[in-house]
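Below, each chain spelled out in residue letters.
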Amino acid sequence: MVIRDEYLVTTARDLGGALKHFRTAADVTQADTAEATGIGQPYLSSLEGGKFGSSLTHALQVLRFVGCEVVVRPRAPRG
């Protein structure tokens, strides 16, 4: 779910959407991102599709259960 350039992450798919949103907003290609972070482009594509594995999904479920939420937003500029 997008809220003013913030993503409320309740599922792995939400986190994947946030990755893609902020990568494209930064005008960076998957290939450039993969190279800069040392991962393969197919793996990055998989992450953007929300394929993180069951451990992330379980962690998000536990956080929701105990009343927490995970929000992804751009950090403040340095300086």
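The text that follows walks through the structure, step by step, so that each part is easy to find. Please read all numbers here as calculations on a predicted model, not as lab measurements.

Of regular secondary structure, the protein chain possesses 4 helices and 3 strands. With respect to the three principal axes, the spread of C-alpha positions in the protein chain is 35 × 35 × 20 Å. Counting only residues that meet the buried cut, the protein chain has 20% of its 79 residues in that class. For the protein chain, the proportion of contacts with a sequence separation of at least 24, taken over those separated by at least 6, is 61%.

The tally for this structure, following the rule as stated, stands at 2 salt bridges. In this structure, the salt-bridge partner of Glu48 is Arg23, at a minimum N-O distance of 2.5 Å. With Glu48 in helix 3 (residues 41–48) and Arg23 in helix 1 (residues 12–25), this pair connects stretches of sequence that are 25 residues apart. The pair Glu48 / Arg23 is uniform in exposure class, with both members buried.

The subject of this paragraph is the packing of helix 2 (residues 30–37) against helix 3. At a closest axis distance of 9 Å, the pairing of helix 2 and helix 3 adopts a crossing angle of 110°. Classified by the angle between their axes, helix 2 and helix 3 sit roughly perpendicular to one another. Of helix 3, the residues touching helix 2 (which contributes Gln30, Ala31, Thr33 and Ala34) are Gln41, Leu44, Ser45 and Glu48. Considering only residue class, the contact of helix 2 with helix 3 consists of 3 nonpolar, 4 polar and 1 charged.

What counts, and at which threshold
- Residues numbered from 1 in each chain as written.
- Predicted model: local features only at pLDDT ≥ 70, side-chain atom pairs only at ≥ 80, totals over all residues.
- Heavy atoms only, no water.
- Helix = DSSP H or I, 4+ residues; strand = E, 2+ residues; numbered from the N terminus.
- Buried < 20%, exposed > 50% of the residue type's maximum accessible area, 1.4 Å probe, protein only.
- Contact = heavy atoms within 4.5 Å.
- Salt bridge = Lys/Arg side-chain N within 4 Å of Asp/Glu carboxyl O.
- Axes fitted to C-alpha atoms, helices over the stretch in contact; angles between N-to-C directions.
- Parallel < 35°, antiparallel > 145°, perpendicular 65-115°, else oblique.
- Nonpolar A, V, L, I, M, F, W, Y, C, P; charged D, E, K, R; others polar.

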